[in-house]
Amino acid sequence: MQVTAFAAPAEGEALVRTQIQRREVGPNDVLIEITYAGICHSDIHTVRGDWGPQSYPLAPGHEIVGTVTEVGSAVTRHSVGDTVGVGCMVNSCGQCVHCKAGDEQYCVEGMVGTYGAEDRDGTVTQGGYSTHVVVDADYVLSVPAGLDPAAAAPLLCAGITTYSPLKHWQAGPGKRVAVVGLGGLGHMAVKIAHAMGAEVTVLSQSLKKQEDGIRLGADHYFATSDPDTFESLASSFDLIINTVSAKIDVSAYLGLLDVNGSLVNVGAPAEPLSLNVFSLLTNRRSYSGSMIGGIAETQEMLDFCAEHGFGAEIELIEADQINEAYERVLASDVRYRFVIDAKTF
Ligand code: NAP
Ligand code: ZN
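Computed from a predicted structure; not experimentally measured.

### Thoughts on the site of ligand 1
Moving on, step 1. Around ligand 1 sit 29 residues, and of these His41, Leu182, Ser204, Lys209 and Arg337 come closest.
Moving on, step 2. In the model, an oxygen atom of ligand 1 is placed 2.8 Å from a nitrogen or oxygen of the His45 side chain.
Moving on, step 3. Within the backbone of Ala268, an N or O atom sits 3.0 Å from an oxygen atom of ligand 1.
Moving on, step 4. Surface burial for ligand 1 is 89%, taken as the share of its 920 Å² of free accessible area covered by protein chains.
Moving on, step 5. Counting residues per element, the ones that place at least two in the shell around ligand 1 are α1 (41-47) and α5 (184-195).

Below you can see the structure in the form of structure tokens.
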């Protein structure tokens, strides 16, 4: 099936409207008519070659919400008319210890990414900047009725990528959580950590978004451009979630952790990060990472957000504005996620 998509023709080039191929609906597949697609900074890293060479043309997009329009003969999980979501992963082996534990993102054979990955049939997957997508039903989430579908789209990546480490490192009452970077992931980390009951601090480059940060649920807000911030907050957090898309001074942020505290990197900059090990030895600190979340956990996160009555803060755009939106994301000028209206593809 030929469908319309927005794709980068080559590394670093602007995205253009084009036609891509979707597979026929197999027995365990669902066909989704896409209604909204979020723009994640990972889309930009990928099409600019930050993470290495890709196959082109490449249509990004792994924050997908849409309506089921056809289901394969073996599908029981979703029905025609359902509002559903697809995140960063469209397949995994399903058999290994991690898949069985619900951590399909850490599949021993490697998860199949929603775009730019080799699919089981040898073709390269294409993402959600498109009118339709065909996905294995086991990797399709149900979007709860209480969520606005446009504001739900960013939950499929920004939501789960922050929910999973916040849960794993037990953010909750009595935990002091700092979020570095108030962008797409960062603003979800603030909302979710606040809803989990943690004391939340935003560490942003400036105080420009302070009012927003407090409205989103932060208790405190500091500018990292002010050197006093690192002195006054020394050893004062249990958990820091770093969502920054660029290189930061890891040792300086580690210095903000109390005894047994953890700094979790979810940001994925092109350049390697380095640190001074003494910043780890002091206070028995940990430095770790986390990648999206499993399918069951993603459903749990969607239900959690619906229960707490929030989606993402979005700016709805048309497909022709994608390239301009990319520039604004790169300039940290996003409040707080661009979502593309799929009617305009
Ligand atoms: P985003 O919306 O651009 O947010 C990143 C934020 O980082 C910016 O808003 C800005 O916040 C801060 N920042 C940017 N450049 C900076 C710099 N040079 N120094 C200090 N702070 C800076 O991006 P996103 O979509 O949230 O994604 C963030 C990162 O996470 C990307 O690298 C993305 O690829 C990665 N990611 C990882 C996963 C995973 O599974 N681990 C999943 C999705 C995305 P302030 O203006 O508040 O300073
Ligand atoms: Zn993403």
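What follows continues from the structure just given.
### Quick notes on the side chain of Thr243
Moving on, step 1. Mapped onto the secondary structure, Thr243 falls in the loop between β13 (237-242) and α8 (250-254).
Moving on, step 2. Only 2.7 Å separates the side chain of Thr243 from the backbone oxygen of Val180, close enough to count as a polar contact.

### With respect to the coordination of the zinc ion (ligand 2)
In an ideal octahedron of six donors the angles at the metal are 90 or 180 degrees, and in an ideal tetrahedron of four donors they are 109.5 degrees.
Moving on, step 1. Binding of the zinc ion (ligand 2) to the protein goes through Cys40 (SG), His62 (NE2) and Cys157 (SG), at separations of 2.0 to 2.2 Å.
Moving on, step 2. Donor residues for the zinc ion (ligand 2) sit on one chain with the sequence pattern C-x21-H-x94-C. Of this pair, His62 sits in the loop between α1 and β4 (64-71) while Cys157 sits in the loop between α3 (149-152) and α4 (158-168), placing them 95 residues apart in sequence.

### Points about α5
Moving on, step 1. For α5, which comprises 12 residues, the first-to-last C-alpha distance of 17 Å matches the rise-based estimate of 16 Å (1.5 Å per residue) to within 8%.
Moving on, step 2. With respect to burial, α5 is a largely interior element, 10 of its 12 residues being buried.
Moving on, step 3. Of the positions making up α5, those classed as buried are Gly184, Leu185, Gly186, His187, Met188, Ala189, Val190, Lys191, Ile192 and Ala193.
Moving on, step 4. Where α5 is buried, its residues meet α4, β10 (176-180), β11 (199-204), α6 (210-216), α10 (295-308) and β17 (337-341).
Moving on, step 5. Gly197, located one to two residues past α5, shows a positive phi value of around 100 degrees.

### As for the domain arrangement of the chain
Moving on, step 1. Domain parsing of the chain yields domain 1 (2-154 + 311-344) and domain 2 (159-289).
Moving on, step 2. Relative to domain 2, the C-alpha centre of domain 1 lies at a distance of 27 Å.
Moving on, step 3. Every contact between the two is made by 12 residues of domain 1 and, on the other side, 18 residues of domain 2.
Moving on, step 4. In total, domain 1 and domain 2 occlude about 1,300 Å² of area from one another, counting both sides; carbon and sulfur atoms represent 47% of this.
Moving on, step 5. When the buried surface of domain 1 facing domain 2 is broken down by residue, Glu313, Arg335 and Tyr336 rank first, second and third, together holding 43% of it.
Moving on, step 6. The interface formed by domain 1 and domain 2 includes 3 salt bridges.

How each quantity is defined
Chains are numbered independently. Their residues run from 1 in the order of the written sequence. Lettering for chains starts from A, numbering for ligands starts from 1, and both go in the order in which the items are written. Per-residue local features are limited, in this predicted model, to residues with pLDDT of at least 70; the limit for side-chain atom pairs, both in listing and counting, is 80 or more; totals at the level of whole chains, interfaces and linings are taken over all residues. Each side-chain value is worked out from all heavy atoms of the structure, with water and hydrogens disregarded. Whether a residue is near a molecule or strand is decided by its heavy atoms; if any one of them lies within 4 Å of it, the residue is near. By the criterion applied in these results, polar contacts are pairs of N or O atoms within 3.5 Å in which, for protein atoms, one can donate a hydrogen and the other can accept it, and in which residues neighboring in sequence qualify only through two side-chain atoms. Computed with a 1.4 Å probe, the accessible areas rest on the Shrake-Rupley method; for each residue, only the protein chains presented here act as cover. Numbering goes from the N terminus for both helices and strands, where a helix is a DSSP run of H or I of at least four residues and a strand is a run of E of at least two. Here the term donor refers to an N, O or S atom within 2.8 Å of the metal (or 3.2 Å for Na, K and Ca), and because water is left out of the atoms, sites may appear incomplete. Multiplying 1.5 Å by the residue count of a helix minus one yields the expected span of that helix. The cut-offs for exposure are 20% and 50% of the maximum accessible area for each residue type, with area from a 1.4 Å probe on protein chains only; residues under the lower value are buried, those over the upper are exposed, and the others partly exposed. We call two residues in contact when some of their heavy atoms are within 4.5 Å. Each domain's extent was defined by an automatic or database domain assignment. In short, buried area is how much 1.4 Å probe accessible area vanishes from two parts on joining, totalled over both. Within this document, salt bridges are pairs made up of a side-chain nitrogen of Lys or Arg and a carboxyl oxygen of Asp or Glu, the two lying within 4 Å of each other.

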